[in-house]
Amino acid sequence: AGEGRPGVAATLRALNGALGRPGALWVKESGARNLRHRDFLAPRAALSAVFPGGQVPLEAVSAVLSLRGPAVLPLRGCQDTPAGLAVQVRRPEAFQRLLGPLLGPDPPAAGAREGPVVLHCPALRGPAALRPRHLRPVLLADHLAQLLRAQGVGVRLVPALAQDGSPDVLRQLCIDWPSGSGGSSLPEAVSALKAALGRAPCATAFEQGPGTAALPEGVIGKVHLKSFVEQQRLVGYDPNLDVLLVTEEMLISLAELQQAVKQCLVSDPVAWPTSHFPDGSCCSIVHVVNCEEEFQQQRLDLLWRILDPGAHTALQKHLVCGPVKVTNPSSPIGADQYFQLRKHQMYEASVMKYGELAQDEAWREVIDTLTAAAIRFEMLSTAHRSQITLDLEKSSISTKGTKSGAFVMYNCARLATLFNSFQRAVEQGTYPPLPPVSELNFTSLREEGEWLLLFNYLLPFPEVLQQAAQLPTPSKGIRITANTEAVCKFLIQLSMDFSSYYNRVHVLGEPFPHLFDQMFARLQLLGAVRDVFHSALATLHLPPLSQI
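Residues numbered from 1 in each chain as written. Predicted model: local features only at pLDDT ≥ 70, side-chain atom pairs only at ≥ 80, totals over all residues. Heavy atoms only, no water.

Colleague: Describe the overall build of the protein chain, naming the residues involved and giving the relevant values.
Modeller: Secondary structure assignment for the protein chain yields 19 helices and 13 strands. Within the protein chain, the proportion of its 548 residues that are buried is 51%. Sequence separation of 24 or more characterises 77% of the internal contacts of the protein chain that already satisfy a separation of 6 or more. Surface accessibility of the protein chain: about 25,000 Å² in total, with carbon and sulfur atoms responsible for 53%. (Helix = DSSP H or I, 4+ residues; strand = E, 2+ residues; numbered from the N terminus. Buried < 20%, exposed > 50% of the residue type's maximum accessible area, 1.4 Å probe, protein only. Contact = heavy atoms within 4.5 Å. Areas by Shrake-Rupley, 256 points an atom, 1.4 Å probe, with all protein chains shown as cover.)

What follows is the structure, encoded as structure tokens:
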């Protein structure tokens, strides 16, 4: 593997270690203006807090300059400036190491992998007619599943959709959700939960028969949730939880979750010992819910803890989505109508940009993909706890706006067009083929935008994916916060900086041999940018476009 792939976190750790201080003194620069002078900075205020008078000892500066390591960027120059201690990277060497065959997310380190995860999305148990507010947790769970799998984590999605077909809008949005009947063991699991209802503390099973009071339809027992919460000293639950009337439908939901936990462990390629997990847990369960479903899901969470006490039920987490507010609806709008409206707006926007479109299958697929991208970015580029406002009349759909999924897809397609043009030119004999990386001269990459693309996107990309997939254990309560908006924001910013560079720089120049070095180095860089686009879009289940 050669020297290995440099990373931001490893370089920052090495820089902090060189100053002999455990605290995080150094920051990575990202703005174009500062990157003209430095790549990392230990700010003056931070230095003054740990060194007398803010004066860094000479031996510490020497230690910074002598830093080496497989995951540490090659450094040159360490200057004491008014802003603080500034360090620059040896850029040609950084290009060489980052654009080689190691580009892309490194495989998770052995032993560092998390155990399997069950993602439960109650919105798919609800009414057949999904609404936009139901789409948000479904899209979020779908994205999170892809992020976790990219880190080598086994994932099961619950509930399975009916075998007679999932809602069309899920297919149109490229949501890959499992379907099935739940298997032959589901009735057996429900029976076991019914038996547990008769034995469990804080629970009472009802028997229907002559002389018993009439019960609401489907009710088979009740549980005293408030008493259980108080006895177990649980925190984070709604104080209004009290008595829950238990229905068979609730037990079916719990039985599905139980089966998913078992299947997760069986299908996971690593046999995880119980001791690997805190409190003997063997599988994480995350309920991805919108705020309107949160109360009901807390009730089911507690019911499961009561009927099936164990480490897996004790470590349930709730990832709660904020409200989805729809403005200007003439009447309540379904998710399928929302998709069709955005599709029509995307078609109109594309006609304005490109003129009348050919009514062929290829263009229909492009419009469908652009619509799916627009909706995914509309739903996922905001922090999951925040409210989203969908204005149905004032379209957020645009091929020009820099904040949209369509803009990201447009720039991904520009890269495809660039490489198609280069390949045709090679076939026609205009240019020679792209040489191996080891033969490229990266000293020719001196344009500001080239370093921005490498340093702000190619370098931190694996860490962006890793951080977006983290499901931190709540310090208190049952709610967790995840960085589910990170990938969308990353792609939007990458698209803006790539577009600025591509509009400014003519990559495929005149076919003169003395210009080939720079052209080949740029193509290698942009090929890596294309790979990052594709990998990031894969976590959103969006296929890259080859034309637009």
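Colleague: Please provide a residue-by-residue account of the sheet that holds strand β9 (residues 243–247), values included.
Modeller: One open sheet holds the three strands; their spatial order is β7-β8-β9, and the pairing between them is antiparallel. Across the chains shown, the open sheet's two edge strands, defined by having one partner strand only, are β7 (203–205) and β9. Looking at each pair of strands side by side, their axes are set apart by 20° on average, direction ignored. Pairing between strand β8 (residues 219–224) and β9: five bridges, direction antiparallel. When the bridges of β9 are listed, H224 appears paired with V243. Across the sheet, helix α9 (residues 225–232) touches β8 and β9, and the angle it forms with β8 is around 35°. (Pairing = 2+ DSSP bridges. Axes fitted to C-alpha atoms, helices over the stretch in contact; angles between N-to-C directions.)

Colleague: Hey, could you go over the pairing of strand β2 (residues 40–43) for me, with residue numbers and the actual values?
Modeller: The pairing of strand β1 (residues 27–28) with β2 spans two bridges and is classified as antiparallel. If you follow K28 over to β2, its bridge partner there is F40. Two strands pair when backbone bridges link them, and β2 and strand β4 (residues 84–89) are joined in this way by four bridges, in the antiparallel orientation. Bridged to L41 within β4 is A86.

Colleague: I'd like to hear about helix α15 (residues 405–427), residue by residue, with values.
Modeller: A rise of 1.5 Å per residue sets the reference length of α15, with its 23 residues, at 33 Å; its end C-alpha atoms lie 33 Å apart and thus fit the reference within 8%. Among the 23 residues of α15, 17 are classified as buried, and the element is accordingly described as predominantly covered. Positioned one or two residues after α15, G429 has a phi angle of 85°, which is positive. (Expected span 1.5 Å × (residues − 1).)

Coordinates in, geometry out; function isn't part of it.
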